Amino acid sequence: MTSLNTTSKVKTKKIRVGRGIGSGKGKTSGRGVKGQKSRSGVAIKSFEGGQMPLFRRLPKRGFNSINKNKVAILNLKKIQELIDKKVISETDILNLETLKKLKIIGNNFNKMKILGSGELKNKINVSIDFISNSAKEKLEKAGSKININKKI
């Protein structure tokens, strides 16, 4: 009784195309007659037999940078409303983290900018990434302390 050795490879013989009618792959070598697919060196790229091709199934990404900084924009009018409603106090340092904790802005923002629309009556401390010139003037006029974070 002979034991079968499972470690040896079972090798199927390579089909030699174009070697006569008796082989079953003679003359046109199983490529059919004429047409693009019968020629050598031609492949219909990304054609998946009528199925929606992969490059069309995937969403378009374009030039939208994945690493882009999302900047939260806050107007002076909104800050004054928050102070009036006592959501934020004048003694607190107004920055991105405190606004995220209070759920005033979403968690997907990683920078903050203050714009000068509206008026500010109260004196506040702000720690932000960007500020418009009009907002800076109005905050300084109100006697607020501004800390602009350095760009890294």
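Scroll up to find the structure this text is about.
Throughout what follows, the structure given in this document is the object of discussion.

1. Topic: the sheet that holds strand β1 (residues 71–75)
For sheets, the rule is that strands pair by backbone hydrogen bonds, running either parallel or antiparallel.
Item 1. Taken together, 3 strands build an open sheet; the order of strands is β1-β3-β5 and the sheet is parallel. Each edge of the open sheet carries a strand with a single partner, namely β1 and β5 (130–131).
Item 2. In this sheet, β5 lies alongside strand β3 (residues 111–115) in parallel orientation, the contact comprising 2 bridges. Residue lysine 113 lies in a different strand from β5, and its bridge partner there is phenylalanine 130.
Item 3. Strands β1 and β3 of the sheet are contacted by helix α2 (residues 76–84), whose axis makes an angle of about 70° with β1.

2. Re α2
Item 1. Three or more residues of α2 are buried, namely Leu76, Ile79, Gln80, Leu82 and Ile83. In an axial view of α2, the angular spread of the buried residues amounts to 160°, which keeps them on one side of the axis.
Item 2. The secondary structure elements touched by the buried residues of α2 are β1, β2 (93–94), β3 and α4 (133–142).
Item 3. Of the residues one or two after α2, lysine 86 is the one with positive phi, at around 60°.

3. A few points about the pairing of β3
Item 1. Pairing analysis gives 5 bridges linking β1 to β3, with the strands arranged parallel. For alanine 72, the partnering residue across the bridge sits in β3 and is methionine 112.

4. With respect to the nonpolar core
Item 1. Counting 20 residues, the largest nonpolar core has Ile79, Ile114 and Ile124 as the members making the most contacts within it.
Item 2. Every element with two or more residues in this core is listed here: β1, α2, α3 (96–101), β3, β4 (125–128) and α4.
Item 3. Among the elements that line this core, the one with the most residues is α2, at 4 residues.
Item 4. In this structure, isoleucine 114 is in contact with Leu74, Leu76, Ile79, Val126, Ile128, Phe130, Ile131, Ser132 and Ala135, ignoring residues within four places of it in sequence.

5. A closer look at the sheet that holds strand β6 (residues 145–148)
Item 1. Strand order in the open sheet formed by 3 strands is β2-β4-β6, and the pairing between neighbours is parallel. Every interior strand has two partners, whereas the edge strands, β2 and β6, have only one.
Item 2. In this structure, β2 lies alongside β4, joined through 2 bridges in parallel fashion. Following the sheet pairing, isoleucine 93 is matched in β4 by asparagine 125.

6. With respect to the side chain of serine 127
Item 1. The topology assignment puts serine 127 in strand β4.
Item 2. Residue classification places serine 127 among the buried residues on the basis of a relative accessible area of 13%.
Item 3. At 3.2 Å, the side chain of serine 127 forms a polar contact with the side chain of asparagine 149.
Item 4. Once residues within four sequence positions are removed from consideration, serine 127 is found in contact with Ile93, Leu94, Asn95, Leu96, Asn147 and Asn149.

The rules behind these values
Per chain, residue numbering runs from 1 following the sequence as it is written. Whole-chain, interface and lining totals are the exception, using all residues; otherwise, since this is a predicted model, local features are given only for residues with pLDDT of at least 70 and side-chain atom pairs are given and counted only at 80 or more. Think of the side-chain values as coming from all heavy atoms in the structure, minus any hydrogens and water. Strand pairing follows a simple DSSP-based rule, namely that at least 2 bridges must link the two strands. Helix and strand assignments come from DSSP, with helices taken as H or I runs of at least 4 residues and strands as E runs of at least 2, each series counted from the N terminus. We call two residues in contact when some of their heavy atoms are within 4.5 Å. Axes here mean lines fitted to C-alpha atoms, for a helix over just the part in contact, with angles spanning 0 to 180 degrees between N-to-C directions. We call a residue buried when its accessible area falls under 20% of the maximum for its residue type, exposed when it is over 50%, and partly exposed in between, using a 1.4 Å probe and counting protein chains only. When we speak of the arc, we mean the arc of directions from the helix axis to the C-beta atoms. Only buried residues count toward a nonpolar core. Its members are Ala, Val, Leu, Ile, Met, Phe, Trp, Tyr and Cys residues joined through side-chain atoms within 4.5 Å. Residues adjacent in sequence count toward polar contacts only when both atoms are side-chain atoms; beyond that, a polar contact is any pair of N or O atoms within 3.5 Å, and within protein one must be able to donate a hydrogen and the other to accept it.

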